[in-house]
Amino acid sequence: MSYSLEQFVKDVKHIMAESNDEHELLSEVRPIARQAARDRSWLKKEHYVADEKQGFGSNPLHVEKDKSLFIVAVSWLPGRGAPPHNHGTWAIVAGVDGPERNVFWERLDDGLREGYAELRKTGDIDEVKTVPDVQVSHPFVERLIGTVRREFLDHVLFWNTLDLERKLGDFQHYYNHERVHASLGGATPAEVAGKSTITTRAKINDFRWQTHCRGLIQLPLAA
Ligand SMILES: [Fe+2]
């Protein structure tokens with residue numbers, strides 16, 4: 001069913017009028033933002049244009065007169081990003097095409113010294129979005145989905161969305177940090193990205209078994 005940008009704006013405004021609670025707003029806007037991103041009727045070629053100097057392109061889709069709502073299509077150039085910043089309000093990022101990493105920071109200093117900030121990384125989320133029903137859009141996503149199905153979902157039971165999300169989180173960590181990839185010459189994605197915390201290789205004759213993904217998978221570990 002189609003879901004226009006106009007309808008999305010109307011629905012978000014309705015939700016905002018009904019509640020001031022940030023958590024409530026986020027949980028109600030999140031599914032319709034996803035729906036609007038999937039609709040793509042609003043998407044134009046120029047939304048993919050990004051500025052080489054700043055590393056991204058920004059196309060406002062809707063600006064409410066009183067500035068209470070701002071919807072923007074952002075396109076990133078590969079590997080580019082923005083320095084840590086604070087939007088000062090809630091925001092929802094809905095992916096349309098390609099991967100995006102969002103890093104979360106906590107500010108440790110009092111913010112009084114101009115041009116200075118002490119930051120602590122509190123987490124990051126890798127999101128890979130593809131277009132529903134358009135498999136050619138991202139073959140690598142299809143491959144990842146195949147691996148997740150074959151190696152994980154075909155073997156594990158889950159009770160509800162929360163349970164599945166937790167278990168997929170475990171598998172994501174295993175996939176990126178523990179599982180060696182033939183296509184990466186036997187390395188893990190974390191090693192290739194320079195983010196591995198593993199400093200030594202296991203000796204093949206000297207190991208013990210370690211369970212992953214709540215006992216689903218057992219892997220040898222250097223003894
Ligand atoms: Fe931002």
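If you're wondering where the values come from, they're calculated on a predicted model, not measured in any experiment.

Undergrad: Explain the overall build of the protein chain residue by residue, including any values.
TA: A tally of helices and strands in the protein chain yields five helices and six strands. What you see in the protein chain, going N to C, is helices and strands ordered as α-α-β-β-β-β-α-α-α-β-β. The buried share among the 223 residues of the protein chain stands at 4%. A fraction of 39% describes how many contacts in the protein chain between residues 6 or more apart in sequence connect residues 24 or more apart.

Undergrad: Please give an account of unusual backbone geometry that cites residues and values.
TA: Positive phi, close to 65°, is recorded for R40, a residue that is not glycine. Along the chain, the position of R40 falls in the loop between α2 (22–39) and β1 (56–63). Not every positive phi belongs to a glycine, and K67 is a case in point at roughly 65°. Among the secondary structure elements, K67 is positioned in the loop between β1 and β2 (70–76).

Undergrad: Pulling in residues and values, what's your account of the nonpolar core?
TA: By size, the foremost hydrophobic cluster in this structure holds six residues: F8, V12, V29, A36, A37 and V96. Where this core is concerned, the elements lending two or more residues are α1 (5–18) and α2. Ranked by residue count, the leading element in this core is α2, at three residues.

Undergrad: Give me the lowdown on the packing of α1 against α2, citing residues and values where you can.
TA: Taken N-terminus to C-terminus, the directions of α1 and α2 make an angle of 175°; their axes are 10 Å apart at the nearest point. As the angle between them shows, α1 and α2 are arranged roughly antiparallel. Along the contact surface, α1 presents L5, F8, D11, V12, I15 and M16, while α2 presents L25, E28, V29, I32 and A36. For the contact of α1 with α2, the per-class residue count stands at nine nonpolar, no polar and two charged.

Undergrad: Provide a residue-level description of the environment of V12, including the pertinent values.
TA: Checked against the element boundaries, V12 lands in helix α1. Classification of V12 by C-beta neighbours within 10 Å gives buried; the count is 22. Sequence spacing of V12 and L25 is 13 residues, and the spatial spacing of their C-alpha atoms is 8.7 Å.

Undergrad: Just give me the short version of the confidence of the model for the protein chain, but keep the residues and values in it.
TA: Put simply, the protein chain has an average pLDDT of 83, and 87% of its residues get 70 or more. Considering each helix and strand of the protein chain separately, the mean pLDDT is smallest for strand β4 (residues 119–129), with a value of 71, and largest for α1, with 95. This model gives residues 134–138 a pLDDT under 50, and the stretch forms five contacts once residues within four places in sequence are excluded.

Undergrad: Break down α2 for me, citing the residues and quoting the values.
TA: Since the α-helix turns once every 3.6 residues, residues separated by three or four places project in the same direction. The end-to-end C-alpha distance of α2, which contains 18 residues, comes to 25 Å, matching closely the 26 Å that a straight helix rising 1.5 Å per residue would cover. At V29, α2 shows its strongest bend, of approximately 30°, with the proline P31 following within four residues. Where α2 is concerned, the buried positions are V29, A36 and A37. In this fold, the buried residues of α2 make contact with α1. Looking at the residues trailing α2, positive phi occurs at R40, about 65°.

Calculation criteria
Residues numbered from 1 in each chain as written. Predicted model: local features only at pLDDT ≥ 70, side-chain atom pairs only at ≥ 80, totals over all residues. Helix = DSSP H or I, 4+ residues; strand = E, 2+ residues; numbered from the N terminus. Buried ≥ 20, exposed ≤ 12 C-beta atoms within 10 Å, placed from the backbone. Contact = placed C-beta atoms within 7 Å. Core = buried A, V, L, I, M, F, W, Y, C linked by C-beta atoms within 7 Å. Axes fitted to C-alpha atoms, helices over the stretch in contact; angles between N-to-C directions. Parallel < 35°, antiparallel > 145°, perpendicular 65-115°, else oblique. Nonpolar A, V, L, I, M, F, W, Y, C, P; charged D, E, K, R; others polar. pLDDT = per-residue confidence, 0-100. Expected span 1.5 Å × (residues − 1). Bend = angle between axes of the 7 residues up to and from the residue.

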